[in-house]
Amino acid sequence: MTIAIGWGKIILLGEHAVVYGYPALAAALDRGVSIAPVPTTKGALRLDIPAWNLAVKADDDHPVARSLAAIVDALDLGRPGVSLVGDAQIPPGAGLGSSAALAVAVARALLSHAKRAAEPAAISAAASASEVLLHGRPSGVDVALAIAGGIGVFRRSAGLRSITCPQLRVLVGPSGEPRSTAAMVERVAEVTNATADDPRLAELGGLTDLGTSALLARDLAALGTAMNRAHIVLADLGVSTPQLDSLCEAARVSGAHGAKLTGAGGGGAVIAIAPRHKETAILAEWRNAGVTGFVATIGART
Ligand code: PMV
């Protein structure tokens, strides 16, 4: 049986600005959501992800059920009798692209069950239909990474431009603070009057360019500096929290090149890049703060 995968992601630089057309530097995690389609003789289209305590039928009154229905409708598959049974290696609602990873894995599993080709355009359209239901007006960066994996620069106008770079280890700290991507996108719209001219959005876009050049040149100190600055600008836009600030500060004090919130903010996760011999100390500081972090490897696979 084919296992369908959608990758989780982190945004290294450019979240929120990407909604307004600026570039974002983003990378798939080495983990996400995987789903096996199990045919059933009788019964409804179901989705079960025990790791998230999630079990819905397509016609339930539940946000994930509505997403499931949107995906199967976008693929024009009716209501196939299949149980989509999945595993998740990323937490839900933590700014790690869990909803897009789920939607992409679901779309792939449904196409595989229907013996249809896994066309990236069809998967993207179906997963985007789910993301619009959940987030209002997503930039599309999560879906693009969940499908393609790897690392790249995403623009709303041009999609994902994959880049090749050596592997990079990134510390990821899911804060456990719940948050809503849609609410955070709305907050940024309020403080910027929803205009791309806001200098803070332009600065975030510029930091993406700087950070991308630094990554390609393997200048991790410069990448870290860009990340630190991006965190300050995001905080100024109102999407950080005292906990996210203090997790980032703890990482910097423990020797990180840079740290910032990742994704929509208002809770969710922080990321840090650090010399390898500093990683243990940073993870220990986060653990003292009640956060179980992990190290993800992004970029080229060996
Ligand atoms: O927190 P996440 O994983 O939903 O990421 C949201 C990224 C934003 O730039 C804030 C929104 C978007 O659609 O790009």
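Residues numbered from 1 in each chain as written. Predicted model: local features only at pLDDT ≥ 70, side-chain atom pairs only at ≥ 80, totals over all residues. Heavy atoms only, no water.

Draft legend 1. Spatial organisation of the side chain of Thr 208. Along the chain, Thr 208 turns up in helix α6 (residues 199–216). Other than its neighbours up to four places away in sequence, Thr 208 contacts Leu 13, Gly 14, Pro 23, Ala 24 and Leu 25. (Helix = DSSP H or I, 4+ residues; strand = E, 2+ residues; numbered from the N terminus. Contact = heavy atoms within 4.5 Å.)

Draft legend 2. Quick look at the domain arrangement of the protein. By the assigned domains, the protein splits into domain 1 (4–155) and domain 2 (163–298). When each unit is reduced to the centre of its C-alpha atoms, the spacing between domain 1 and domain 2 is 23 Å. Taken together, the 29 residues of domain 1 in the interface contact 45 residues of domain 2. Buried surface at the junction of domain 1 and domain 2, summed over both partners, amounts to about 2,900 Å²; 70% is from carbon and sulfur atoms. For domain 1, the biggest contributors to the area lost against domain 2 are Leu 13, His 16 and Tyr 20; these three give 24% of the whole. Among the ionic pairs, Glu 15 bridges to Lys 260, the shortest N-O distance being 2.9 Å. For the interface between domain 1 and domain 2, the tally reads eleven residue pairs in polar contact (both at pLDDT 80 or more). Only β1 (4–13), β2 (24–39), α3 (120–135) and β6 (151–155) provide two or more residues apiece to the side of domain 1 that touches domain 2. With seven residues, the top contributor of residues to the side of domain 1 that touches domain 2 is β2. In the side of domain 1 that touches domain 2, the residues fall into 19 nonpolar, six polar and four charged. (Domains from an automatic or database assignment. Buried area = accessible area lost by both parts, 1.4 Å probe. Salt bridge = Lys/Arg side-chain N within 4 Å of Asp/Glu carboxyl O. Polar contact = N/O pair within 3.5 Å; in protein donor to acceptor, adjacent residues only side chain to side chain. Nonpolar A, V, L, I, M, F, W, Y, C, P; charged D, E, K, R; others polar.)

Draft legend 3. A look at the nonpolar core. Counting 104 residues, the largest nonpolar core has Ile 10, Ile 35, Leu 47, Leu 84, Leu 110 and Trp 286 as the members making the most contacts within it. Domain assignment of the residues forming this core places at least three in each of domain 1 (4–155) and domain 2 (163–298). In this structure Trp 286 touches Leu 171, Val 172, Gly 173, Leu 247, Ala 251, Val 270, Ala 272, Val 291 and Gly 293, once residues within four positions along its chain are discounted. (Core = buried A, V, L, I, M, F, W, Y, C linked by side-chain atoms within 4.5 Å. Buried < 20%, exposed > 50% of the residue type's maximum accessible area, 1.4 Å probe, protein only.)

Draft legend 4. Representation of the site of the ligand in the model. Taken together, 16 residues sit near the ligand, with Lys 9, Ser 139, Arg 179, Thr 181 and Ala 264 positioned nearest. Within the backbone of His 16, one N or O atom sits 3.0 Å away from an oxygen atom of the ligand. A distance of 3.2 Å separates an oxygen atom of the ligand from a polar side-chain atom of Asp 142. When the ligand sits alone it has 380 Å² of accessible area, and the protein chains cover 95% of it. (Near = heavy atom within 4 Å. Areas by Shrake-Rupley, 256 points an atom, 1.4 Å probe, with all protein chains shown as cover.)

Draft legend 5. Region of the structure containing the packing of helix α2 (residues 98–113) against helix α4 (residues 141–148). Look at α2 against α4: their axes get within 8 Å of each other, and the N-to-C directions meet at 50 degrees. With respect to their mutual orientation, α2 and α4 come out oblique. As α2 runs across α4, the sense of the crossing is right-handed. Every residue of α4 that contacts α2 at Ala 100, Ala 101, Val 104 and Arg 108 is listed here: Asp 142, Val 143, Ala 146 and Ile 147. Here the contact of α2 with α4 is composed, by residue class, of six nonpolar, no polar and two charged. (Axes fitted to C-alpha atoms, helices over the stretch in contact; angles between N-to-C directions. Parallel < 35°, antiparallel > 145°, perpendicular 65-115°, else oblique. Left-handed = near helix turned anticlockwise from the far one by under 90°.)

Draft legend 6. Inspection of the pairing of strand β4 (residues 54–57) at higher detail. Only one face of β4 is buried, namely the one carrying Leu 54 and Val 56, since none of Ala 55 and Lys 57 on the opposite face is buried. Sheet topology note: the strand β3 (residues 46–49)/β4 ladder contains four bridges and is antiparallel. Looking at β4, one finds that Ile 49 is bridged to Leu 54. Between β3 and β4, which pair antiparallel and follow one another directly, the connecting turn spans four residues, one of which, Asn 53, has a positive phi of 55 degrees. (Pairing = 2+ DSSP bridges.)

Draft legend 7. Quick look at the environment of Thr 241. For Thr 241, the position within the fold is in the loop between α7 (220–236) and α8 (242–253). Note on Thr 241: relative accessible area 10%, which makes it buried. Each C-alpha atom, one on Thr 241 and one on Ser 139, is 23 Å from the other, the two residues being 102 residues apart in sequence. Ignoring any residue separated from it by four or fewer positions in sequence, one finds Thr 241 in contact with Glu 177, Gly 266 and Gly 267.

Draft legend 8. Structural detail: unusual backbone geometry. Despite not being glycine, Asn 53 has its phi angle at roughly 55 degrees, a positive value. Topologically, Asn 53 is positioned in the loop between β3 and β4. One non-glycine residue with positive phi stands out, namely Asp 76, at about 60 degrees. Tracing the backbone through its elements, the reader meets Asp 76 in the loop between α1 (63–74) and β5 (82–88). Using a relative accessible area of 67% as the deciding quantity, one classes Asp 76 as exposed.

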